[in-house]
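Geometric and topological summary
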Amino acid sequence: VEGNDFDSRTEGYLHLTYPEDKQALRQLMNRASLMERFRSGVSSLSLEFRMMIDGRYQWLLLSIQVVKYADNDDLKAFVAIRDIDEEKCAELDMILRSETDGLTGIMNRAAYVKAVDKLIGKSSAQRHVLVMMDVDHFKDVNDTLGHDKGDQVLIGVAKDLRSALREG
């Protein structure tokens, strides 16, 4: 990895990088950090991140290989960037489908439990409130009006809850 020019080039691309990915990209592509990692035995690194290309954010895979030349002590970083947008979007879609109810679009039970555990685990000093609700006489709607009407009720309840709560 030669000169401070490396860090300057990285900073030059950050304005195109998705806001949530900037810090990870900055940390990965930091010259001093790359050199320290190499000295500790890590010569290959990679990062999936989003960058603005043709007016939209697209997923890219950045791979770095740091090598030391045999004839001197110079370190060189070889950087490769590959477009993984199609595969990453398919992967995220599959995850979304596995974590949400197909009818209402809200989190399923397993995803909900995982999200609550994560929230409580990372912010143990904070207080949290859990609100549970029951759709009274829902079984009666299904039994008397049919499952299609029951589905409409569930969709409506989910829509109302989504509009009443903040994102996340």
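A brief report on the enclosed structure follows. (Residues numbered from 1 in each chain as written. Predicted model: local features only at pLDDT ≥ 70, side-chain atom pairs only at ≥ 80, totals over all residues. Heavy atoms only, no water.)

Points about the packing of aromatic side chains
Here is the rule we go by: Within 6.5 Å between ring centres, the rings of Phe, Tyr and Trp (the latter by its six-membered ring) count as paired, and their orientation is classed by plane angle as stacked under 30 degrees, edge-to-face over 60, tilted in between. Each helix is a run of DSSP H or I of at least 4 residues and each strand a run of E of at least 2, with the numbering of both proceeding from the N terminus. Whether a residue is buried, partly exposed or exposed follows from its accessible area with a 1.4 Å probe, protein chains only, as a fraction of its type maximum: under 20%, in between, or over 50%, in that order. The rule is short: NZ of Lys or CZ of Arg within 6 Å of the ring centre and within 35 degrees of the ring normal puts a charge over the ring.
As enumerated under the stated definition, the model contains one aromatic pair in all. Arranged with centres 4.9 Å apart and planes meeting at 90°, the rings of Tyr-18 and Tyr-57 form a pair that is edge-to-face. One end of the pair, Tyr-18, is in the loop between helix 1 (5-14) and helix 2 (22-28); the other, Tyr-57, is in strand 2 (residues 56-68), with 39 residues separating them in the sequence. The exposure class of Tyr-57 is partly exposed, given its relative accessible area of 31%. Its guanidinium or amino end placed over the ring of Trp-59, Lys-88 lies 5.0 Å from that ring's centre, counting from NZ or CZ.

Quick look at the nonpolar core
Selection criterion: Within this scheme, the nonpolar core is defined by two criteria: the residues are buried Ala, Val, Leu, Ile, Met, Phe, Trp, Tyr or Cys, and they are joined through side-chain atoms within 4.5 Å. Every residue pair with non-hydrogen atoms within 4.5 Å of one another is taken to be in contact.
The biggest cluster of nonpolar side chains holds 16 residues, and the ones touching the most others in it are Leu-25, Leu-28, Met-29, Leu-34, Phe-49, Leu-62 and Ile-64. Of all the elements in the fold, those that place two or more residues in this core are helix 1, helix 2, helix 3 (31-39), strand 1 (44-53) and strand 2. Beyond its immediate sequence surroundings of up to four residues, Ile-64 is in contact with Leu-28, Met-29, Leu-34, Ser-43, Ser-44, Leu-45, Ala-77, Phe-78 and Val-79.

Some points on the side chain of Arg-50
Turning to its location among the elements, Arg-50 is positioned in strand 1. Beyond its immediate stretch of four places on either side in the chain, Arg-50 contacts Leu-16, Thr-17, Tyr-18, Glu-20, Asp-21, Tyr-57, Gln-58 and Trp-59.

Observations concerning the sheet that holds strand 3 (residues 75-83)
Cut-off, in case you're wondering: Here, strands pair whenever DSSP counts at least two bridges between them. With axes taken as lines fitted to C-alpha atoms, and helix axes fitted only over the stretch in contact, angles between N-to-C directions fall between 0 and 180 degrees.
With antiparallel pairing, the three strands of this open sheet are ordered in space as 1-2-3. The open sheet has two edge strands with one neighbour each: strand 1 and strand 3. Pairwise comparison of adjacent strand axes, ignoring direction, gives a mean angle of 25° for this sheet. Where strand 1 lies against strand 2, ten bridges are found, and the strand directions are antiparallel. Residue pairing in the sheet places Glu-48 in a bridge with Leu-61 of strand 2. Sitting on the sheet, helix 4 (residues 85-99) touches strand 1, strand 2 and strand 3, and the angle it makes with strand 2 is about 115°.

Let's talk about the pairing of strand 3
Pairing analysis gives nine bridges linking strand 2 to strand 3, with the strands arranged antiparallel. Across the sheet, residue Val-67 finds its bridge partner in strand 3, namely Lys-76. Hairpin remark: strand 2 followed by strand 3, antiparallel, with six residues in the connecting loop.

Some remarks on a nonpolar patch on the surface
Selection rule: A patch is a set of surface residues, each over 30% in relative accessible area and not in a salt bridge, joined within 9 Å for like charges and within 5 Å for the nonpolar side chains Val, Leu, Ile, Met, Phe, Trp and Tyr. All accessible-area figures derive from a Shrake-Rupley calculation using a 1.4 Å probe, and residue coverage is judged against the displayed protein chains alone. We count a salt bridge whenever a side-chain nitrogen from Lys or Arg sits within 4 Å of a carboxyl oxygen from Asp or Glu.
On the surface, Met-107, Tyr-112, Val-113, Leu-130 and Met-132 cluster together to form a nonpolar patch covering roughly 540 Å² of accessible area. Judged by relative accessible area, Leu-130 falls into the exposed class, the value being 57%.

Things to note about unusual backbone geometry
Positive phi outside glycine occurs at Asp-54, with the angle close to 50°. With respect to the secondary-structure elements, Asp-54 resides in the loop between strand 1 and strand 2. Taking the relative accessible area as the measure of exposure, Asp-54 reaches 77% and is therefore exposed. For His-137, which is not glycine, the phi torsion reads 60° and is therefore positive.

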